[in-house]
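Chains, contacts and geometry: an overview
What follows is each chain in one-letter form.
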Amino acid sequence: MDYQQLLEIAEREIRLNLADDDLLRRAVLQSGGLAAEARQNYWRLRANQLREQIAAAGTDAPVLEIASRLDAQDRRLRSRKERARWIWALACIAALIGCVVCPWLALSAYHHG
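The shown structure was predicted, so the numbers you read here are calculated from the model rather than taken from an experiment.

Moving on, we get to the overall build of the protein chain. A tally of regular secondary structure across the protein chain gives four helices and zero strands. Reading the protein chain from its N terminus to its C terminus gives the helix and strand order α-α-α-α. A compact globule built from 113 residues would reach a C-alpha radius of gyration of about 13 Å, whereas the protein chain, at 25 Å, exceeds it by more than 25%. Projected onto its principal axes, the C-alpha coordinates of the protein chain cover approximately 85 × 35 × 20 Å. Here the protein chain holds 113 residues, and 23% of them are scored as buried. For the protein chain, the share of sequence-separated contacts (at least 6 apart) that also reach a separation of at least 24 residues comes to 61%. As displayed, the protein chain has an accessible area near 8,300 Å², and 61% of this comes from carbon and sulfur atoms. Here the protein chain holds 16 positive side-chain charges and 14 negative ones, and the gap between their average locations is 6 Å.

Shown next, in the form of C-alpha cells:
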C-alpha cells in the first residue's frame, strides 16, 4: 500500500472521529496548536504507524481491515444522515399542511359557530 493511501486512511479517521487520541495530542503538540498543521502531522504520524503495522504483519491485511471498518462507519453515518433528512422533509410537509388546514378549520368553526 503506498504512502498516499495511508494518508487518506488517516484523513478518513479524523473525518469520522475515529482518530487515535494519543497521536492526535502528539500532533497538536508538535504543531504548536495550529489546527491545519496538527492535521498534517497526524496524517504523517498515522501513516508511519500504519507502515510499521504492515511491516510487522508482512501484509496489508491490518490496514485493509482498518479501511473496511472506516467504510462501514461511513455507510452508517450516511444512512443516518439520509434518515434524518427524510424525517426533516416529512416534518416540513406536515407543518405546511398544518399551516393551511388550521386557519381553514378555524374559519369554518367561526362561520358555523
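The description of two helices packed together rests on the angle between their axes and the distance between the axes. One can describe the packing of helix α2 (residues 21-31) onto helix α3 (residues 35-57) by two numbers: an axis separation of 8 Å at closest approach and a directional angle of 130°. Taken together, the axis directions place α2 and α3 in an arrangement best described as oblique. The two elements α2 and α3 meet at a crossing, and its hand is right-handed. Residue-level contacts link Leu-23, Leu-24, Arg-26, Ala-27, Val-28, Gln-30 and Ser-31 of α2 to Glu-37, Ala-38, Asn-41, Tyr-42, Arg-44, Leu-45, Arg-46 and Gln-49 of α3. Residue composition of the contact of α2 with α3, grouped by class: seven nonpolar, four polar and four charged.

The next point concerns a nonpolar patch on the surface. Where nonpolar side chains cluster on the molecular surface, the patch consists of Leu-90, Ile-93, Ile-97, Val-100, Val-101, Trp-104 and Leu-105 and spans about 720 Å² of accessible area. Its location among the elements puts Leu-90 in helix α4 (residues 61-112).

What counts as what
- Within each chain, residues carry numbers counting from 1 in the order of the written sequence.
- In keeping with the model being predicted, local features are shown solely for residues with a pLDDT of at least 70 and side-chain atom pairs are shown and tallied solely at 80 or more, while totals for entire chains, interfaces and linings include all residues.
- Neither water nor hydrogens contribute to the side-chain values; these are computed over all heavy atoms in the structure.
- Helical segments are the DSSP runs of H or I of at least four residues, strand segments are the runs of E of at least two, and each set is numbered from the N terminus.
- We take the radius of gyration over the C-alpha atoms and set the globule estimate at 2.2 Å times the residue count to the 0.38 power.
- In this scheme, a residue with accessible area under 20% of its type's maximum is buried, one over 50% is exposed, and one in between is partly exposed, where area comes from a 1.4 Å probe on protein chains only.
- Should any heavy atoms of two residues lie within 4.5 Å, those residues are considered in contact.
- Every accessible area reported is derived by Shrake-Rupley at a probe size of 1.4 Å, with residue values counting cover from the shown protein chains alone.
- All tallies of charge rest on Lys and Arg as positive and Asp and Glu as negative; His and the ends of each chain are not included.
- Taken as the charge centre is NZ of Lys, CZ of Arg, CG of Asp or CD of Glu, depending on the residue.
- Simply put, an axis is a line fit to the C-alpha atoms, just over the touching stretch for a helix, and the angle between two N-to-C directions goes from 0 to 180 degrees.
- These descriptions rest on fixed angle ranges, namely under 35 degrees for roughly parallel, over 145 for roughly antiparallel, 65 to 115 for roughly perpendicular, and the rest for oblique.
- The handedness criterion is simple: a crossing whose near helix is rotated anticlockwise from the far helix by less than a right angle is left-handed, and one whose near helix is rotated clockwise is right-handed.
- Any residue outside Ala, Val, Leu, Ile, Met, Phe, Trp, Tyr, Cys, Pro, Asp, Glu, Lys and Arg is labelled polar, Gly included; the first ten of those are nonpolar and the last four are charged.
- Every patch collects residues that have over 30% relative accessible area and no salt bridge, joining them within 9 Å if they carry like charges and within 5 Å if they are nonpolar side chains (Val, Leu, Ile, Met, Phe, Trp, Tyr).
- Salt bridges are counted wherever a side-chain nitrogen of Lys or Arg sits within 4 Å of a carboxyl oxygen of Asp or Glu.

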